[in-house]
Amino acid sequence: MNWDDETTAEAEPRLVGGAADGEDQAVEAALRPKTLAEFVGQERVREQLDLVLKAALARGATADHVLLSGAPGLGKTTLSMIIASEMNAPIRITSGPAIQHAGDLAAILSSLHEGEVLFLDEIHRMSRPAEEMLYMAMEDFRVDVIVGKGPGATAIPLELPPFTLVGATTRAGLLPPPLRDRFGFTAHMEFYEPTELERVIHRSAQLLDLDIDTDGAAEIAGRSRGTPRIANRLLRRVRDYAQVKADGLINREVAAAALQVYEVDTRGLDRLDRAVLQALLKLFGGGPVGLSTLAVAVGEERETVEEVAEPFLVREGLLARTPRGRVATPAAWAHLGLTPPQQAQGASGQQGLFGT
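The structure displayed is predicted, hence computed values, not measured ones. (Residues numbered from 1 in each chain as written. Predicted model: local features only at pLDDT ≥ 70, side-chain atom pairs only at ≥ 80, totals over all residues. Heavy atoms only, no water.)

### As for the packing of helix 7 (residues 194–207) against helix 9 (residues 228–245)
Then step 1. The contact between helix 7 and helix 9 brings their axes to 10 Å, and the two run at 45°. By the angle between their axes, helix 7 is oblique relative to helix 9. Taken as a pair, helix 7 and helix 9 cross one another with a handedness that is right-handed. Within the contact between the two elements, helix 7 uses Leu 197, Val 200, Ile 201, Ser 204 and Ala 205 and helix 9 uses Pro 228, Ala 231, Asn 232 and Leu 235. (Axes fitted to C-alpha atoms, helices over the stretch in contact; angles between N-to-C directions. Helix = DSSP H or I, 4+ residues; strand = E, 2+ residues; numbered from the N terminus. Parallel < 35°, antiparallel > 145°, perpendicular 65-115°, else oblique. Left-handed = near helix turned anticlockwise from the far one by under 90°. Contact = heavy atoms within 4.5 Å.)

The following block contains the structure:
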């Protein structure tokens, strides 16, 4: 129900990936909540943002600039649209990678209307010249347009109407402090609890006219990695299975059978995640093993393993990153139903490859 876009290192879409493909974007347009009251989850962020927007409306002013950070698929884009809706203002949508020159940003800013919301997705990927222009635009609602080159160059000041910038980023640490400090309100989007995802699934099922019971929604929510976008994607795949093999009714058994077909297990791991764990456990005795070696073992690029599979495995406590390499945790052995080998400690303290 609440989602955002993210470019990852994976070569092809994953059912449990946070990035949105064309199908996701089309469905999201119909499922997005339109107001804060309809938005599920992120209770603290919703409460704080509600105060910010209502206070701005009471003053008859534009809202403060807003920075939203968090993993893809948690609702940053949706919240930006809700901000515009709550402020009764139009919204302009662009992204950091699309702004490669200061002139690109100047063209966008100069065409804004008073009170308009400018949503800048992946703001940390904007070019440095455009970023520096944005400082003055956010603080003084003014930009200096440089005309000419060299000693004859002239700076022409351009006044801007008051506007609200909503920046979204999956990597807040890459934003320079001068840019972060110019946002009047910052919020970090947390992963969702299963009970919240069940509400997301029930709402989406109602909008899609699907017949789903409480147990079916709980089964899908438990495999959704705490991400509404993934929950909705899994719901659509379970819908397909139910329509073909279960007369359209989605219960726990149907949901479990459908997700088994799509290779999404009870903790939300897919084929790539399990391949990484199996290689780490069966080939390297649980580690430690270098990232490049692990990537070769699963037949994937190094970046794919590091950026696509590892974050969720680490968050789930199934894999640990250490100075000597990747190490499986006891939870990883238990999840795959394997028995850890005996710890054979050599002079270096490294676990023996084949146990004792």
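### Here we look at the confidence of the model for the protein
Then step 1. On average, residues of the protein score 83 in pLDDT, and 85% of them are at 70 or above.
Then step 2. Across residues 1–11, confidence stays below pLDDT 50; counting only partners more than four residues off in sequence or on other chains, it has 61 contacts.
Then step 3. Contacts for the low-pLDDT stretch residues 344–356, under 50 throughout, to residues beyond four places or in other chains number 22 contacts. (pLDDT = per-residue confidence, 0-100.)

### Remarks on unusual backbone geometry
Then step 1. Positioned with a positive phi, Glu 122 is a non-glycine residue whose angle comes to about 50°.
Then step 2. Assignment of secondary structure puts Glu 122 in the loop between strand 3 (117–121) and helix 5 (128–140).
Then step 3. For Asp 209, which is not glycine, the phi dihedral falls at a positive 60°.
Then step 4. Inspection of the secondary structure puts Asp 209 in the loop between helix 7 and strand 8 (211–212).
Then step 5. When its relative accessible area of 70% is taken as the criterion, Asp 209 is described as exposed. (Buried < 20%, exposed > 50% of the residue type's maximum accessible area, 1.4 Å probe, protein only.)

### A look at the packing of aromatic side chains
Then step 1. Counted under the stated rule, the structure contains one aromatic pair.
Then step 2. With a centroid separation of 5.5 Å and 80° between ring planes, the pair formed by Phe 141 and Phe 163 is classed as edge-to-face. One end of the pair, Phe 141, is in the loop between helix 5 and strand 4 (142–147); the other, Phe 163, is in the loop between strand 5 (154–159) and strand 6 (164–169), and 22 residues separate them in sequence.
Then step 3. By relative accessible area, Phe 163 is classed as buried at 1%.
Then step 4. In this structure, Arg 225 packs its charged tip against the face of Phe 312, placed 3.9 Å from the ring centre.
Then step 5. Seen from the ring of Phe 191, Arg 315 lies directly overhead, with NZ or CZ sitting 3.5 Å from the centre. (Phe/Tyr/Trp six-rings, centres within 6.5 Å; stacked < 30°, edge-to-face > 60°. Lys NZ or Arg CZ within 6 Å of the ring centre and 35° of its normal.)

### Remarks on helix 2 (residues 43–59)
Owing to its 3.6 residues per turn, the α-helix aligns residues three or four sequence positions apart on the same side.
Then step 1. Its 17 residues place the ends of helix 2 25 Å apart at the C-alpha level, agreeing with the 24 Å of an ideal helix rising 1.5 Å per residue.
Then step 2. Within helix 2, burial applies to Val 45, Arg 46, Leu 49, Val 52, Leu 53 and Ala 56. For helix 2, the angular spread of buried residues about the axis comes to 130°, placing them on one side. Facing away from the buried side of helix 2 by over 90 degrees, the exposed positions are Arg 44, Glu 47, Leu 51, Lys 54, Ala 58 and Arg 59.
Then step 3. Where helix 2 is buried, its residues meet strand 1 (66–69), helix 3 (76–86) and strand 7 (185–188). (Expected span 1.5 Å × (residues − 1). Arc of directions from axis to C-beta.)

### Points about the nonpolar core
Then step 1. By size, the foremost hydrophobic cluster in this structure holds 49 residues, and its most contacted members are Leu 79 and Ile 220.
Then step 2. A total of seven residues in this core trace back to one element, the largest contributor, which is helix 9.
Then step 3. Apart from the residues within four sequence positions on either side, Leu 79 is in contact with Leu 36, Phe 39, Val 45, Leu 49, Leu 68 and Met 189.
Then step 4. Listed in part, the 24 residues of the second largest apolar core include Ala 106, Ile 123, Leu 134 and Leu 160. (Core = buried A, V, L, I, M, F, W, Y, C linked by side-chain atoms within 4.5 Å.)

### Overview of the sheet that holds strand 2 (residues 91–95)
Then step 1. Strand order in this open sheet of five strands is 2-3-6-1-7, and the pairing throughout is parallel. Two strands bound the open sheet, and with one partner strand each, they are strand 2 and strand 7. Sheet twist, expressed as the average angle between the axes of neighbouring strands with direction ignored, equals 15°.
Then step 2. For strand 1 and strand 7, the ladder comprises four bridges, and the chain directions are parallel. Bridged to Val 66 within strand 7 is Phe 185.
Then step 3. Along the sheet, helix 3 contacts strand 1, strand 2, strand 3 and strand 6; its crossing angle with strand 3, the most-contacted strand, is approximately 175°. (Pairing = 2+ DSSP bridges.)

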